[in-house]
Amino acid sequence: MPFMEWTGQFSVGVDAIDGQHRHFFTLINTLHAAFHRGEGESELRQTIEELADYAAFHFQSEENLLREIKFPLMLNHEDEHKRFTAKIQGFRDKLSSGNFAITVPLMDFMKQWLSGHILGSDKKYADFIAENHISINASGG
Ligand SMILES: [Fe+2]
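All of these numbers come straight from a predicted model, not from anything done at the bench. (Residues numbered from 1 in each chain as written. Predicted model: local features only at pLDDT ≥ 70, side-chain atom pairs only at ≥ 80, totals over all residues. Heavy atoms only, no water.)

Q: Whenever I open this one, the packing of helix 3 (residues 74-96) against helix 4 (residues 103-131) confuses me. Can you help?
A: One way to put it is that helix 3 packs onto helix 4 with a least axis distance of 11 Å and a crossing angle of 170°. What the angle tells us is that helix 3 and helix 4 run roughly antiparallel. Taken together, the residues of helix 4 that come into contact with helix 3 (itself represented by H77, E80, H81, F84, K87, I88 and F91) are P105, L106, F109, M110, W113, H117, S121, D122 and Y125. Of the residues that constitute the contact of helix 3 with helix 4, the class distribution is nine nonpolar, four polar and three charged. (Axes fitted to C-alpha atoms, helices over the stretch in contact; angles between N-to-C directions. Helix = DSSP H or I, 4+ residues; strand = E, 2+ residues; numbered from the N terminus. Parallel < 35°, antiparallel > 145°, perpendicular 65-115°, else oblique. Contact = heavy atoms within 4.5 Å. Nonpolar A, V, L, I, M, F, W, Y, C, P; charged D, E, K, R; others polar.)

Q: Before we go on, may I ask you to explain the packing of helix 1 (residues 15-36) against helix 4 in this structure?
A: For any two helices packed against each other, one specifies the crossing angle of their axes together with the interaxial distance. The geometry of helix 1 relative to helix 4 is characterised by a closest axis approach of 10 Å and an angle of 170° between their N-to-C directions. Taken together, the axes of helix 1 and helix 4 are roughly antiparallel relative to one another. On helix 4, the residues that touch I17, H21, F24, F25, I28, L31, H32 and F35 of helix 1 are T103, L106, M107, M110, L114, I118, D122 and Y125. For the contact of helix 1 with helix 4, the per-class residue count stands at 12 nonpolar, three polar and one charged.

Q: Just checking my understanding: could you explain the environment of I88 for this structure?
A: For I88, the location among the structural elements is in helix 3. With sequence-adjacent residues up to four places away left out, I88 is seen in contact with A52, L106, F109 and M110.

Q: Please clarify how the pattern of salt bridges should be interpreted in this entry.
A: A side chain of one charge can pair with a side chain of the opposite charge if their charged atoms are brought near each other. Considering all chains together, one arrives at four salt bridges under this definition. Between R45 and E41 there is a salt bridge, and its shortest N-O distance comes to 2.5 Å. Here E41 and R45 lie together in helix 2 (residues 41-68), a separation of four residues that amounts to about one turn. Residues R92 and E49 are paired through a salt bridge, measuring 2.6 Å at the closest nitrogen-oxygen approach. Of the two residues, R92 sits in helix 3 while E49 sits in helix 2, which places them 43 residues apart along the sequence. (Salt bridge = Lys/Arg side-chain N within 4 Å of Asp/Glu carboxyl O.)

Q: Got a minute to help me understand the coordination of the iron ion in this structure?
A: For a metal bound by four donors in tetrahedral geometry, the ideal donor-metal-donor angle is 109.5 degrees, whereas six donors in octahedral geometry ideally sit at 90 or 180 degrees. Distances from the iron ion to its protein donors, E62 (OE), H77 (NE2), H81 (NE2), H117 (NE2) and D122 (OD), fall at 1.9 to 2.4 Å. Counting gaps between the donor residues of the iron ion yields the pattern E-x14-H-x3-H-x35-H-x4-D. In this pair, E62 sits in helix 2 while H77 sits in helix 3, placing the two residues 15 residues apart along the sequence. (Donors = N, O, S within 2.8 Å, 3.2 Å for Na, K, Ca; no water.)

Q: Can you help me understand the environment of G98 in this one?
A: Note on placement: G98 falls in the loop between helix 3 and helix 4. Judged by its relative accessible area of 41%, G98 is partly exposed. In this structure the C-alpha to C-alpha distance between G98 and T7, which are 91 residues apart in sequence, comes to 35 Å. (Buried < 20%, exposed > 50% of the residue type's maximum accessible area, 1.4 Å probe, protein only.)

Q: Looking at this model, I keep getting lost on the side chain of H21. Mind explaining?
A: Tracing the chain through its elements places H21 in helix 1. For H21, a relative accessible area of 0% translates into the label buried. Engagement of the side chain of H21 in a polar contact is seen with the side chain of D122, the distance being 3.1 Å. Once you skip the residues sitting within four places of it in the chain, H21 turns out to touch W6, V12, H58, E62, I118, D122 and Y125. (Polar contact = N/O pair within 3.5 Å; in protein donor to acceptor, adjacent residues only side chain to side chain.)

Q: Would you explain helix 1 in this entry?
A: Three- or four-residue spacings in an α-helix give side chains the same orientation, since the helix completes a turn every 3.6 residues. Compared with an ideal rise of 1.5 Å per residue, which puts 22 residues at 32 Å, helix 1 spans 31 Å between its outermost C-alpha atoms and is within 8% of the ideal. G38, located one to two residues past helix 1, shows a positive phi value of around 70°. (Expected span 1.5 Å × (residues − 1).)

See the structure below:
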(Lines give C-alpha, C1' and ligand atoms only; values in the text may rest on other atoms or scores of the structure.)
Protein backbone atom coordinates (compact mmCIF):
# COMPACT_ATOMS: atom_id res chain seq x y z
CA MET A 1 0.00 0.00 0.00
CA PRO A 2 1.40 3.39 -0.96
CA PHE A 3 2.30 5.96 1.67
CA MET A 4 -0.44 8.23 0.32
CA GLU A 5 -3.38 6.98 -1.67
CA TRP A 6 -5.67 9.25 -3.66
CA THR A 7 -9.29 8.20 -3.27
CA GLY A 8 -12.57 9.82 -4.31
CA GLN A 9 -12.89 11.56 -0.95
CA PHE A 10 -10.11 13.92 -2.10
CA SER A 11 -11.94 15.03 -5.24
CA VAL A 12 -12.59 18.77 -5.53
CA GLY A 13 -14.78 18.27 -8.59
CA VAL A 14 -12.31 19.96 -10.96
CA ASP A 15 -10.61 17.34 -13.15
CA ALA A 16 -7.43 19.34 -13.77
CA ILE A 17 -6.90 19.95 -10.05
CA ASP A 18 -7.73 16.37 -9.10
CA GLY A 19 -5.12 15.27 -11.63
CA GLN A 20 -2.55 17.59 -10.07
CA HIS A 21 -3.36 16.36 -6.57
CA ARG A 22 -2.89 12.77 -7.75
CA HIS A 23 0.49 13.65 -9.17
CA PHE A 24 1.39 15.43 -5.92
CA PHE A 25 0.54 12.20 -4.04
CA THR A 26 2.70 10.24 -6.48
CA LEU A 27 5.69 12.53 -5.94
CA ILE A 28 5.34 12.24 -2.15
CA ASN A 29 5.23 8.45 -2.54
CA THR A 30 8.33 8.59 -4.73
CA LEU A 31 10.18 10.59 -2.08
CA HIS A 32 8.98 8.27 0.68
CA ALA A 33 10.20 5.23 -1.29
CA ALA A 34 13.54 6.93 -1.97
CA PHE A 35 14.07 7.52 1.77
CA HIS A 36 13.17 3.91 2.49
CA ARG A 37 15.58 2.59 -0.12
CA GLY A 38 18.24 4.68 1.57
CA GLU A 39 18.97 6.64 -1.59
CA GLY A 40 21.99 8.86 -1.62
CA GLU A 41 21.91 12.55 -0.94
CA SER A 42 21.94 13.72 -4.56
CA GLU A 43 19.05 11.44 -5.52
CA LEU A 44 17.03 12.63 -2.51
CA ARG A 45 17.83 16.22 -3.23
CA GLN A 46 16.70 15.81 -6.83
CA THR A 47 13.43 14.17 -5.76
CA ILE A 48 12.70 16.93 -3.24
CA GLU A 49 13.48 19.61 -5.82
CA GLU A 50 11.06 17.98 -8.22
CA LEU A 51 8.40 17.84 -5.54
CA ALA A 52 8.94 21.47 -4.51
CA ASP A 53 8.80 22.59 -8.16
CA TYR A 54 5.61 20.67 -8.71
CA ALA A 55 4.06 22.11 -5.54
CA ALA A 56 4.85 25.63 -6.80
CA PHE A 57 3.28 24.85 -10.19
CA HIS A 58 0.21 23.31 -8.58
CA PHE A 59 -0.30 26.15 -6.09
CA GLN A 60 -0.01 28.65 -8.92
CA SER A 61 -2.65 26.95 -11.04
CA GLU A 62 -4.96 26.59 -8.06
CA GLU A 63 -4.51 30.25 -7.16
CA ASN A 64 -5.22 31.26 -10.78
CA LEU A 65 -8.41 29.26 -10.62
CA LEU A 66 -9.45 30.83 -7.31
CA ARG A 67 -8.81 34.30 -8.71
CA GLU A 68 -10.86 33.45 -11.78
CA ILE A 69 -13.86 32.34 -9.73
CA LYS A 70 -13.43 35.19 -7.23
CA PHE A 71 -13.19 32.84 -4.29
CA PRO A 72 -13.81 34.87 -1.10
CA LEU A 73 -11.19 32.96 1.00
CA MET A 74 -8.48 33.41 -1.63
CA LEU A 75 -6.01 35.20 0.65
CA ASN A 76 -6.25 32.65 3.46
CA HIS A 77 -5.79 29.94 0.89
CA GLU A 78 -2.70 31.56 -0.56
CA ASP A 79 -1.30 31.88 2.96
CA GLU A 80 -1.65 28.16 3.52
CA HIS A 81 0.25 27.49 0.31
CA LYS A 82 2.95 29.93 1.37
CA ARG A 83 3.33 28.26 4.76
CA PHE A 84 3.76 24.86 3.13
CA THR A 85 6.35 26.26 0.73
CA ALA A 86 8.30 27.88 3.58
CA LYS A 87 8.20 24.72 5.64
CA ILE A 88 9.49 22.59 2.75
CA GLN A 89 12.24 25.13 2.15
CA GLY A 90 13.25 24.71 5.80
CA PHE A 91 13.46 20.94 5.36
CA ARG A 92 15.49 21.35 2.17
CA ASP A 93 17.95 23.57 4.02
CA LYS A 94 18.34 20.95 6.74
CA LEU A 95 18.90 18.18 4.21
CA SER A 96 21.47 20.34 2.46
CA SER A 97 23.36 20.64 5.70
CA GLY A 98 23.37 16.85 5.99
CA ASN A 99 20.60 16.43 8.55
CA PHE A 100 18.83 13.25 7.43
CA ALA A 101 17.16 12.71 10.80
CA ILE A 102 14.36 14.93 9.54
CA THR A 103 13.08 12.47 6.93
CA VAL A 104 10.30 11.00 9.10
CA PRO A 105 9.00 14.41 10.27
CA LEU A 106 9.25 15.66 6.69
CA MET A 107 7.16 12.82 5.29
CA ASP A 108 4.65 13.04 8.14
CA PHE A 109 4.34 16.78 7.63
CA MET A 110 3.72 16.41 3.89
CA LYS A 111 1.15 13.69 4.35
CA GLN A 112 -0.75 15.48 7.12
CA TRP A 113 -0.54 18.85 5.42
CA LEU A 114 -1.67 17.72 2.00
CA SER A 115 -4.56 15.56 3.14
CA GLY A 116 -5.66 18.18 5.71
CA HIS A 117 -5.37 20.99 3.16
CA ILE A 118 -7.36 19.19 0.48
CA LEU A 119 -10.07 17.96 2.84
CA GLY A 120 -10.27 21.23 4.77
CA SER A 121 -9.38 24.16 2.52
CA ASP A 122 -9.60 22.89 -1.05
CA LYS A 123 -13.02 21.44 -0.29
CA LYS A 124 -14.16 24.98 0.58
CA TYR A 125 -13.58 26.20 -2.96
CA ALA A 126 -15.08 22.95 -4.24
CA ASP A 127 -18.25 23.78 -2.27
CA PHE A 128 -18.14 27.38 -3.50
CA ILE A 129 -17.93 26.18 -7.12
CA ALA A 130 -20.81 23.75 -6.61
CA GLU A 131 -23.03 26.19 -4.69
CA ASN A 132 -22.59 28.92 -7.28
CA HIS A 133 -22.91 26.55 -10.24
CA ILE A 134 -19.63 27.81 -11.69
CA SER A 135 -18.44 25.95 -14.77
CA ILE A 136 -14.70 25.53 -15.00
CA ASN A 137 -13.06 25.69 -18.40
CA ALA A 138 -11.03 22.72 -19.64
CA SER A 139 -7.69 24.25 -18.69
CA GLY A 140 -8.75 24.27 -15.04
CA GLY A 141 -7.37 27.79 -14.73
FE1 LIG B 1 -4.85 24.52 -2.13
